[in-house]
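Take a look at the letters that make up each chain.
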Amino acid sequence: MKIIHISHSDIQGGAARAAYRIHQALRLHGLDSTMAVNVATSGDWTVQSHKTKLAKGLARLRPQLGSLPRQWLRTDNPILHSPAIIPSTWSGRLNCTDADVLHLHWVNGEMLSIPDISKLGKPVVWTLHDMWAFCGAEHYTEEFRWCQGYWKDNRPSYESGFDLNRWTWNRKRKHWQKPLQIVTPSQWLADCVTKSALMGDWPVRVVPNTINTDIWQPFEKNLARKLLHLPLDVPLLLFGALNGSRDPRKGFDLLQAALNHLRGQMPGLQLVVFGQLAPKEPIDLGFPIHYMGRLHDELSLRILYSAADVMTIPSRQDNLPNTGLEAHACATPVIAFNTCGLPDIVEHLKTGYLAKAFDTTDLAHGIQWLLSDLSRLMTLGLAARQRALDKWSVKVVADAYQNVYNSVLVNK
């Protein structure tokens, strides 16, 4: 069976890394899997991109050109909006291959236009990494036009100007007449698909993202801390870059409120931030902070997860974030809110803590509960590692995708 994965990038961004890991898992499982991308940076020979400098330059320019209509929309939603309007040559090129299945992933950044997707002439599987496929132009939203339909009379009050989302949704409705096999990494996103006005009758399956548990595995904690110059004898809470404060979906303000609840209650607690260096004017979160900067290679990240006692993901909306899978694979419990795709990662009180959605007092309680008992923390860490092996290992996910491909080929 020959599979071609189509993704804007191979390893730049969470969706790209998730797609690349699925591609690698299939190859380890014996399938003939390759990737077709607009931007290739991995150096992997199984990833195909544009060959000429001109084509590569145009591929990097397309996102800027495609973002121009966004200027006519005035909205308080800061999330990326993708109109998918610029035609590409990908549909024709992919249709001429000998692939058995075309596997779409995050094809935005003007990689494929909305009509391009409808022109794919081979069996298609589409793994959604956000809400864009059944929304308008937005990739995430707390509104419900995606469920009701994008009509003139249900536009949110915080939007004005050109209704880019309605225009984009109507173009999808016009061009996407034939249902495609949808796959979602989380049950939450699958439920959204079935409730959506655009894809409610499309077939959907849940297959989680994968992680190579032979590579991502626990590293001895004290050695990890020594290598990273972190203190050995204090509880360490790990979380992503404070730059996430620019995206309300990431919930940094909720984490900040939870830490305020803990001031004076956990005097030994220290925080570890990855993804950025210390800012010029550091934020006072009430606890010492270690800034680790950007860690790009898997070994450094594996050591970082192993050095931490607990990882926190305070997102308001998230599908199945790679950081949760990586932490669990390294035997690090995760605390998050009980919302969206996060319950697919964390088993409450067994591999971490699921706080009541957006309840910062409960989030603070979860941090305290996890870090107050060393033996409990070790038990949860072992269970987190086992959950990664059972749910997201290469064989488990590759088997699930092979079943999806077989089903699509039988029904083509």
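So, a few notes on the structure that sits alongside this text. No experiment lies behind these values; they were computed from the predicted model shown. (Residues numbered from 1 in each chain as written. Predicted model: local features only at pLDDT ≥ 70, side-chain atom pairs only at ≥ 80, totals over all residues. Heavy atoms only, no water.)

Looking at the sheet that holds strand 13 (residues 310-313)
Here is step 1: The strand order across the open sheet formed by six strands is 12-11-10-13-14-15, and the pairing between neighbours is parallel. Looking at the sheet topology across the chains shown, the edges are occupied by strand 12 (289-291) and strand 15 (352-355). Across the sheet, the mean angle from the axis of one strand to that of its neighbour is 20 degrees, orientation sign disregarded.
Here is step 2: The pairing of strand 13 with strand 14 (residues 334-337) spans three bridges and is parallel. Bridge pairing in strand 14 links Thr312 to Ile335.
Here is step 3: Sheet strands touched by helix 11 (residues 322-329): strand 11 (270-274), strand 13 and strand 14. Its angle to strand 13, the strand with the most contacts, is close to 165 degrees. (Pairing = 2+ DSSP bridges. Helix = DSSP H or I, 4+ residues; strand = E, 2+ residues; numbered from the N terminus. Axes fitted to C-alpha atoms, helices over the stretch in contact; angles between N-to-C directions. Contact = heavy atoms within 4.5 Å.)

A closer look at a nonpolar patch on the surface
Here is step 1: Where nonpolar side chains cluster on the molecular surface, the patch consists of Leu54, Leu58, Leu61, Leu65 and Leu68 and spans about 460 Å² of accessible area.
Here is step 2: By the element assignment, Leu54 lies in helix 2 (residues 53-66).
Here is step 3: Note on Leu54: relative accessible area 64%, which makes it exposed. (Patch = residues over 30% accessible without salt bridge, like charges linked within 9 Å, V, L, I, M, F, W, Y side chains within 5 Å. Areas by Shrake-Rupley, 256 points an atom, 1.4 Å probe, with all protein chains shown as cover. Salt bridge = Lys/Arg side-chain N within 4 Å of Asp/Glu carboxyl O. Buried < 20%, exposed > 50% of the residue type's maximum accessible area, 1.4 Å probe, protein only.)

A few points about the nonpolar core
Here is step 1: Counting residues in hydrophobic clusters, the biggest one holds 39 residues, and the most contacted among them are Ile6, Leu104, Trp126, Phe134, Trp176 and Met199.
Here is step 2: Among the elements of the structure, strand 1 (2-9), helix 3 (90-95), strand 5 (101-104), helix 4 (114-118), strand 6 (124-127) and helix 7 (187-195) are those that each provide at least two residues to this core.
Here is step 3: It is helix 7 that provides the largest number of residues to this core, a total of four residues.
Here is step 4: Ignoring any residue separated from it by four or fewer positions in sequence, one finds Ile6 in contact with Ala36, Leu94, Leu102, His103, Leu104, His105, Trp106, Val107, Met111 and Leu112.
Here is step 5: Within the second largest apolar cluster, 32 residues are counted, among which are Leu230, Leu301, Cys330 and Trp392. (Core = buried A, V, L, I, M, F, W, Y, C linked by side-chain atoms within 4.5 Å.)

Let's talk about the pairing of strand 11
Here is step 1: With five of five residues buried, strand 11 is to be regarded as a mostly interior element.
Here is step 2: Taking every second residue as pointing to the same face, both faces of strand 11 are buried, with Gln270, Val272 and Phe274 on one and Leu271 and Val273 on the other.
Here is step 3: Note that strand 10 (residues 236-240) and strand 11 share five bridges and pair parallel. Across the sheet, the residue bridging to Phe239 is Val273, located in strand 11.
Here is step 4: Examined bridge by bridge, strand 11 and strand 12 share three bridges and lie parallel to one another. Bridging from a neighbouring strand, Val272 pairs with His290 of strand 12.

Remarks on the packing of aromatic side chains
Here is step 1: A full pass over the atoms with the stated rule returns 15 aromatic pairs.
Here is step 2: A ring pair is formed by Trp176 and Trp202, whose centres lie 6.4 Å apart and whose planes are at 55 degrees; its orientation type is tilted. Of this pair, Trp176 sits in the loop between helix 6 (164-175) and strand 8 (181-184) while Trp202 sits in the loop between helix 7 and strand 9 (204-206), and the two are 26 residues apart along the sequence.
Here is step 3: Assessed through its relative accessible area of 6%, Trp202 is described here as buried.
Here is step 4: The ring of Trp167 has Arg171 lying over it, and the distance from NZ or CZ to the ring centre is 4.5 Å.
Here is step 5: When the ring centre of Tyr140 is taken as origin, the NZ or CZ atom of Arg249, which lies over that ring, is 4.0 Å away. (Phe/Tyr/Trp six-rings, centres within 6.5 Å; stacked < 30°, edge-to-face > 60°. Lys NZ or Arg CZ within 6 Å of the ring centre and 35° of its normal.)

Let's talk about the packing of helix 1 (residues 14-28) against helix 14 (residues 394-410)
Here is step 1: Contact geometry of helix 1 with helix 14 gives a least axis separation of 9 Å together with a crossing angle of 90 degrees. By the criterion of interaxial angle, the relationship of helix 1 to helix 14 is roughly perpendicular. Together, Ile22, Ala25, Leu26 and Leu28 of helix 1 and Val394, Ala398, Tyr401 and Tyr405 of helix 14 make up the contact between the two elements.
Here is step 2: When grouped by side-chain class, the residues that make up the contact of helix 1 with helix 14 number eight nonpolar, no polar and no charged. (Parallel < 35°, antiparallel > 145°, perpendicular 65-115°, else oblique. Nonpolar A, V, L, I, M, F, W, Y, C, P; charged D, E, K, R; others polar.)

Looking at the side chain of His105
Here is step 1: Mapped onto the elements, His105 comes out in the loop between strand 5 and helix 4.
Here is step 2: If near-sequence neighbours (up to four positions away) are discounted, His105 is found in contact with His5, Ile6, Ser7, Ala19, Ile22, Trp126, Thr127 and His129.

Things to note about the environment of Pro218
Here is step 1: One can find Pro218 in the loop between strand 9 and helix 8 (221-227).
Here is step 2: We classify Pro218 as partly exposed; its relative accessible area is 35%.
Here is step 3: Discounting chain neighbours no more than four positions away, the residues touching Pro218 are Arg302, Ser306, Ala329, Cys330, Ala331 and Arg385.

Things to note about the side chain of Thr213
Here is step 1: As for its placement among the helices and strands, Thr213 is situated in the loop between strand 9 and helix 8.
Here is step 2: Residue classification places Thr213 among the buried residues on the basis of a relative accessible area of 7%.
Here is step 3: Not counting residues up to four positions away in its chain, the partners in contact with Thr213 are Arg385, Ala388, Leu389 and Ser393.

Structural notes on the sheet that holds strand 5
Here is step 1: The seven strands lie next to each other as 3-2-1-5-6-8-9, forming an open sheet whose pairing is parallel. Whereas interior strands pair on both sides, the edge strands pair on one side only; in this sheet they are strand 3 (47-48) and strand 9.
Here is step 2: Docked against the sheet, helix 7 engages strand 8 and strand 9, running at close to 170 degrees with respect to strand 9.
Here is step 3: Contacts from helix 14 reach strand 1, strand 5, strand 6, strand 8 and strand 9 within the one sheet, and its direction differs from that of strand 6 by about 140 degrees.

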